[in-house]
Amino acid sequence: MELNAEQQFNDIQSNLTTVKQRIVDACKKAGRDPASVRLLPVTKTVPAERLRIAYAAGCHEMGENKIQEAREKSEVLSDLNIKWAVIGHLQTNKAKYLARFANEFQALDSLKVAEELDKRLQNEGRSIDVYVQVNSSGEASKFGLSPEGVRDFVQQLPKYSSLRIKGLMTLAIFSSDHDRVRECFVKMREVQAMLRQEAPDGLSFDELSMGMSGDYELAIEEGATVVRVGQAIFGKRPLPDSHYWPGMG
Ligand SMILES: *Cc1c(COP(=O)(O)O)cnc(C)c1O
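All of these numbers come straight from a predicted model, not from anything done at the bench.

1. Points about the overall build of the chain
Here is step 1 of the chain: Within the chain, the secondary structure is distributed over 10 helices and eight strands.
Here is step 2 of the chain: In summary, the chain has a C-alpha radius of gyration of 18 Å against a globular reference of 18 Å for 249 residues, a match within 12%.
Here is step 3 of the chain: Every one of the 249 residues in the chain was classed for burial, and the buried ones make up 49%.
Here is step 4 of the chain: As displayed, the chain offers around 11,800 Å² of accessible surface, 46% of which is attributable to carbon and sulfur atoms.
Here is step 5 of the chain: Of the side-chain charges in the chain, 33 are positive and 35 negative, and the distance between the mean point of each set is 2 Å.

Written out as structure tokens, the structure is:
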């Protein structure tokens, strides 16, 4: 069934209201200030024309998993004041594209990418917020540094002056077992606490980007400051997750 623009607007707005209310409720339950959690709408696979409607409904930040899709949308929607976050793995040779339009990169997990991205940002005269991705579940299909490897990795980051290191990002295990999902989030809190002691001066690890449509309330209970929510706002994606996270399933 095709919805007209007004129905799409109402649909997105009502989903946003629901998600925001659930964020507030999760914060209350955890004794946290709702203002300490940022909702990042994830727009992968949602067509640009629908994103215009989403923008009108209040989505002014958008998270995209693939650089090519993000880049195309940022061009088509360049008349809107959207802040783009790239939240998926980046190949070194694509860093130049990201440097042109993204406000934020949440999936840093290699020094090669850090180096190239920093260089390209210097060329553009820009700097961006960066999150280091950690593989909190230990699954081979997931990108990110091992929790044990993060400490050494971040020692190298101060020299990349265009990367404003803000925190950590993770994807928890996809499981209906809440305890196993929670374990991933708890591990992130531990890594964050360790880095607050041991990271070089000038880097900040106050932000924890964790939690998606299926687990954002749990993530908030465990300290998430950014939740990345797609399907709960835009509806179910047409293809299974294995399509978006190669190597899965
Ligand atoms: C797709 C995606 C999300 C959002 O997942 P939903 O199930 O749509 O909420 C969050 N983070 C990353 C890295 C993603 O690729």
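Past the structure itself, the notes keep going.
2. Describing the packing of aromatic side chains
Here is step 1 of the chain: All told, the structure shown has zero aromatic pairs when counted by the stated rule.
Here is step 2 of the chain: Seen from the ring of Tyr97, Arg71 lies directly overhead, with NZ or CZ sitting 3.8 Å from the centre.
Here is step 3 of the chain: Lys142 extends its terminal NZ or CZ atom over the ring of Phe174, reaching a point 4.3 Å from the ring centre.

3. With respect to the packing of helix H1 (residues 5–30) against helix H2 (residues 48–56)
Here is step 1 of the chain: At their nearest, the axes of H1 and H2 sit 9 Å apart, and the two run at 55° to each other. In terms of orientation, H1 lies oblique with respect to H2. Where H1 crosses over H2, the two elements pack in a sense that is right-handed. Packed against H1, whose contacting residues are Ala5, Gln8, Phe9, Asp11 and Ile12, the element H2 presents Arg50, Ile53, Ala54 and Ala56 at the interface.
Here is step 2 of the chain: Grouping the amino acids of the contact of H1 with H2 by side-chain chemistry returns six nonpolar, one polar and two charged.

4. Digging into helix H5 (residues 111–124)
Here is step 1 of the chain: With 14 residues, H5 ought to run about 20 Å at 1.5 Å a step, and its terminal C-alpha atoms sit 20 Å apart, in line with that.
Here is step 2 of the chain: Among the residues of H5, Val113, Ala114, Glu116, Leu117, Asp118 and Leu121 are the ones counted as buried.
Here is step 3 of the chain: N-capping of H5 is provided by Ser110, with a side-chain oxygen placed 3.4 Å from the backbone N of Lys112.
Here is step 4 of the chain: Once H5 finishes, Gly125 follows within two positions and takes phi at roughly 70°, a positive value.

Parameters at a glance
Within each chain, residues carry numbers counting from 1 in the order of the written sequence. In keeping with the model being predicted, local features are shown solely for residues with a pLDDT of at least 70 and side-chain atom pairs are shown and tallied solely at 80 or more, while totals for entire chains, interfaces and linings include all residues. As a convention, hydrogens and water are excluded, and side-chain values are obtained from all of the structure's heavy atoms. Working definition: helices are DSSP H or I runs of at least four residues, strands are E runs of at least two. Numbering for both runs from the N terminus. Atoms counted for the radius of gyration: C-alpha only. Globule rule: 2.2 Å times residue count to the power 0.38. The rule is simple: take the accessible area with a 1.4 Å probe, protein chains only, and divide by the maximum for that residue type; under 20% is buried, over 50% is exposed, in between is partly exposed. For every accessible area listed, the method is Shrake-Rupley and the probe measures 1.4 Å; residues are considered covered only by the protein chains on display. Residues scored as positive are Lys and Arg, those scored as negative are Asp and Glu, and His as well as the terminal groups of each chain are ignored. Every charge is mapped onto a representative atom, which is NZ of Lys, CZ of Arg, CG of Asp or CD of Glu. Here is the rule: rings of Phe, Tyr and Trp (six-membered ring for Trp) pair when centre to centre is within 6.5 Å. Planes less than 30 degrees apart are stacked, more than 60 are edge-to-face, and the remainder are tilted. Charge over a ring is defined by NZ of Lys or CZ of Arg lying within 6 Å of the ring centre and within 35 degrees of the ring normal. Only the contacting stretch of a helix is used when fitting its axis, a line to C-alpha atoms as for every element, and angles between N-to-C directions run 0 to 180 degrees. Relative orientations are named as follows: roughly parallel for angles under 35 degrees, roughly antiparallel for angles over 145 degrees, roughly perpendicular for angles from 65 to 115 degrees, and oblique for any other angle. It is the rotation of the near helix from the far one that decides the hand of a crossing: anticlockwise by less than a right angle makes it left-handed, clockwise makes it right-handed. Any two residues whose heavy atoms approach within 4.5 Å are treated as being in contact. Only Asp, Glu, Lys and Arg are considered charged in this grouping, and only Ala, Val, Leu, Ile, Met, Phe, Trp, Tyr, Cys and Pro are considered nonpolar; every other residue, Gly among them, is considered polar. One less than the number of residues in a helix, times 1.5 Å, gives the span that helix is expected to have. Whenever two N or O atoms come within 3.5 Å, that pair is a polar contact, provided that in protein one can donate a hydrogen and the other can accept it, and provided that, for residues adjacent in sequence, both atoms are side-chain atoms.

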